[in-house]
Amino acid sequence: MKLRSVFLLFRWWILLAIGLVVVENVAWIIEPSLFGPVIDALIDNATTSSWAPALQPLLLWMGVFAVNSSVGAFRRAYDQNIYLSIYTNLATRVTELSRSRGLTTSRTAARTQLAREFITFVQYRMPEILEQVIAIGGSLIGLSFFDYRIAAACAVVTIPLTLITVLYAKKVVPLQATVHDGMEEMYEVFEQQDVGAIESYYRRIAVPQKLIARWGALTFGLMRVFLLGIFLMVLYIAIDLDSFSTGNIYSIVAYVWTFVTSSEYLPELMESWTSLQDITARLRGEREPALAL
């Protein structure tokens, strides 16, 4: 069992869900470029006392906002129905596969629970990956319409951010494998009905989880240093080198903020991906757990 198999089994339902994510987020990334002209038109209206110039940009922005909101609401209702059905089917298949390999009941139950990571990834992580790709790419495109130097600065900073994310993934992969080893032993620990053993189990399994958190904190801090440089550079270009209107400055800040927040999310998405790779190897029988924690 692997992610590709899950996708092929339920491809039409998943493709519809992914399509809704794309429509929702493309509409969202367009909004700042449309709301900036609304601000400028309203400022101009304060001196001309005519609402006509503000009407068209306002209606355009409201239309895109309506698409983003309505598609987003429908997707959130649709997702729960489809992915609960997929998990029911997937849990059944994992159970049958585990029994055919002669695994114990406790380990079968644990792997069925681990298989839920596939659904979590497809339902939440895959849309989040698309959201961040659209947000980062859309922000760079949007910024290039205002000043190519701002877009170039943001594009360059993606290089160290990518290197930091890859380093984080390499450090976290073995720690995640240790956590999964412990999860597969969980039911056997509870079968002992020994409170001391259960407490000891949770203390041991918390060790790699704490290390993952520390690597996450270090990665976050390093990323913030590079992103601070982006903010300072954008402020210099937007204020000292260009004569932007109030609406333009709003759009630029919105796109830069979107770029920054989306970039910060990359390590967490990478962590989910590497976790899924370890689970895939287990369900395919390519990796069996080591000794108990």
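Structure shown above.
The structure reproduced in this document is the subject of the present report. (Residues numbered from 1 in each chain as written. Predicted model: local features only at pLDDT ≥ 70, side-chain atom pairs only at ≥ 80, totals over all residues. Heavy atoms only, no water.)

**A look at the overall build of the protein chain**
- Scanning the protein chain from terminus to terminus reveals 9 helices and 0 strands.
- Secondary structure elements of the protein chain, listed N to C terminal, follow the sequence α-α-α-α-α-α-α-α-α.
- Among the 293 residues that make up the protein chain, the fraction classed as buried is 44%.
- In the protein chain, once contacts between residues fewer than 6 apart in sequence are set aside, the share between residues at least 24 apart is 84%. (Helix = DSSP H or I, 4+ residues; strand = E, 2+ residues; numbered from the N terminus. Buried < 20%, exposed > 50% of the residue type's maximum accessible area, 1.4 Å probe, protein only. Contact = heavy atoms within 4.5 Å.)

**Some points on the packing of aromatic side chains**
- Within the structure shown, the criterion is met by 5 aromatic pairs.
- The interplanar angle of 75° and the centroid separation of 5.0 Å between the aromatic rings of Tyr201 and Tyr202 together place this pair among those described as edge-to-face.
- Overall, the relative accessible area of 3% leaves Tyr201 in the buried class.
- For Tyr202, a relative accessible area of 40% gives the class partly exposed.
- Cluster of aromatic residues (ring-pair linked, three or more members): Phe35, Trp61, Phe65 and Tyr250. (Phe/Tyr/Trp six-rings, centres within 6.5 Å; stacked < 30°, edge-to-face > 60°.)

**Some remarks on helix α5 (residues 116-144)**
- Look at α5: 41 Å from first C-alpha to last across 29 residues, which is about the 42 Å you get at 1.5 Å a residue.
- Along α5, the sharpest change in direction is near 40° and occurs at Val122. (Expected span 1.5 Å × (residues − 1). Bend = angle between axes of the 7 residues up to and from the residue.)

**Some details on the pattern of salt bridges**
- Counting across every chain of the model gives 5 salt bridges.
- Between Glu131 and Arg75 there is a salt bridge, and its shortest N-O distance comes to 3.8 Å. Here Glu131 is found in helix α5, whereas its partner Arg75 is found in helix α3 (residues 52-100), with 56 residues between them in sequence.
- A residue is classified by how much of its surface remains accessible, and Arg75, at 5% relative accessible area, is buried.
- In this structure, Arg149 engages Asp147 in a salt bridge whose closest nitrogen and oxygen atoms are separated by 2.8 Å.
- Residue classification places Arg149 among the partly exposed residues on the basis of a relative accessible area of 32%.
- Under the relative-accessibility criterion, Asp147 is labelled buried at 6%.
- Linked by salt bridges that have partners in common, Glu24, Arg75, Arg76 and Glu131 make up one network. (Salt bridge = Lys/Arg side-chain N within 4 Å of Asp/Glu carboxyl O.)

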